[in-house]
Amino acid sequence: QVQLVESGGGLVQAGGSLRLSCTASGSIFSIDAMGWYRQAPGKQRELVATITSGGSTNYVDSVKGRFTISRDNAKNTVYLQMNSLKPEDTAVYYCNADVRRGLYYSRRNYWGQGTQVTVSS
């Protein structure tokens, strides 16, 4: 049906940058909000950033000024540009999207498989 696949994670030194990508595929009529969550070991999953279909964005306070979420609606892709990375940013990052699969389908929420981001000091 609908799959979200993240890419771009990896190991980076503190102060470095990474860009995460998440592409939705399958039976997609429209995508409303998209977002990024992260979960560090032993911690709750937290919302990092969201972006509406119109481009309005929100960020958790800890990443404001460092991370930028964007989307390419033509590609069904959402990005997370992460700059000035800190060790505390280390987590598995998950893509999330609200997808309508067809004109007669209700909106559903989907998750990607996650991509590991590790920031070394």
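Shown above is the structure to which this text applies.
The rules we used
- Residues numbered from 1 in each chain as written.
- Predicted model: local features only at pLDDT ≥ 70, side-chain atom pairs only at ≥ 80, totals over all residues.
- Heavy atoms only, no water.
- Core = buried A, V, L, I, M, F, W, Y, C linked by side-chain atoms within 4.5 Å.
- Buried < 20%, exposed > 50% of the residue type's maximum accessible area, 1.4 Å probe, protein only.
- Helix = DSSP H or I, 4+ residues; strand = E, 2+ residues; numbered from the N terminus.
- Contact = heavy atoms within 4.5 Å.
- Pairing = 2+ DSSP bridges.
- Axes fitted to C-alpha atoms, helices over the stretch in contact; angles between N-to-C directions.
- Salt bridge = Lys/Arg side-chain N within 4 Å of Asp/Glu carboxyl O.

Draft legend 1. Quick look at the nonpolar core. Counting 29 residues, the largest nonpolar core has Trp36, Val48, Phe67, Val78, Leu80, Met82 and Tyr93 as its most contacted members. Taken together, the elements giving at least two residues each to this core come down to β1 (2–7), β3 (18–26), β4 (30–39), β5 (46–51), β7 (67–72), β8 (77–82), β9 (91–100) and β11 (115–120). Ranked by the residues each element gives to this core, the list is headed by β9, at five residues. Contacts of methionine 82, omitting those with residues within four sequence positions, involve Gly16, Ser17, Leu18, Leu20, Arg66, Phe67, Tyr93 and Val117.

Draft legend 2. How the structure looks around unusual backbone geometry. Phi is positive for asparagine 76, which is not a glycine, with a value near 50 degrees. Its location among the elements puts asparagine 76 in the loop between β7 and β8. A residue is classified by how much of its surface remains accessible, and asparagine 76, at 24% relative accessible area, is partly exposed. Phi angles above zero are rare outside glycine, and serine 84 is one such case at about 50 degrees. With respect to the helices, strands and loops of the structure, serine 84 is situated in the loop between β8 and β9.

Draft legend 3. Inspection of the sheet that holds β3 at higher detail. Strand order in the open sheet formed by four strands is β1-β3-β8-β7, with antiparallel pairing between adjacent strands. Edge positions in the sheet fall to β1 and β7, since each has one partner strand and no second. For this sheet the average axis-to-axis angle between neighbouring strands, irrespective of direction, equals 15 degrees.

Draft legend 4. Spotlight on the pattern of salt bridges. One pass over the structure, following the stated rule, counts five salt bridges. We note a salt bridge from arginine 107 to aspartate 32, for which the minimum N-O separation is 3.7 Å. Separated by 75 residues along the polypeptide, arginine 107 in strand β10 (residues 107–111) and aspartate 32 in strand β4 bring together distant segments of the chain. Its relative accessible area of 51% is what places arginine 107 among the exposed residues. A relative accessible area of 24% places aspartate 32 in the partly exposed class. Notably, a salt bridge pairs arginine 38 with glutamate 46, separated by 2.6 Å at the nearest N-O pair. Exposure remark for arginine 38: the relative accessible area of 5% places this residue in the buried category. Look at glutamate 46 and you get partly exposed, because its relative accessible area is 29%.

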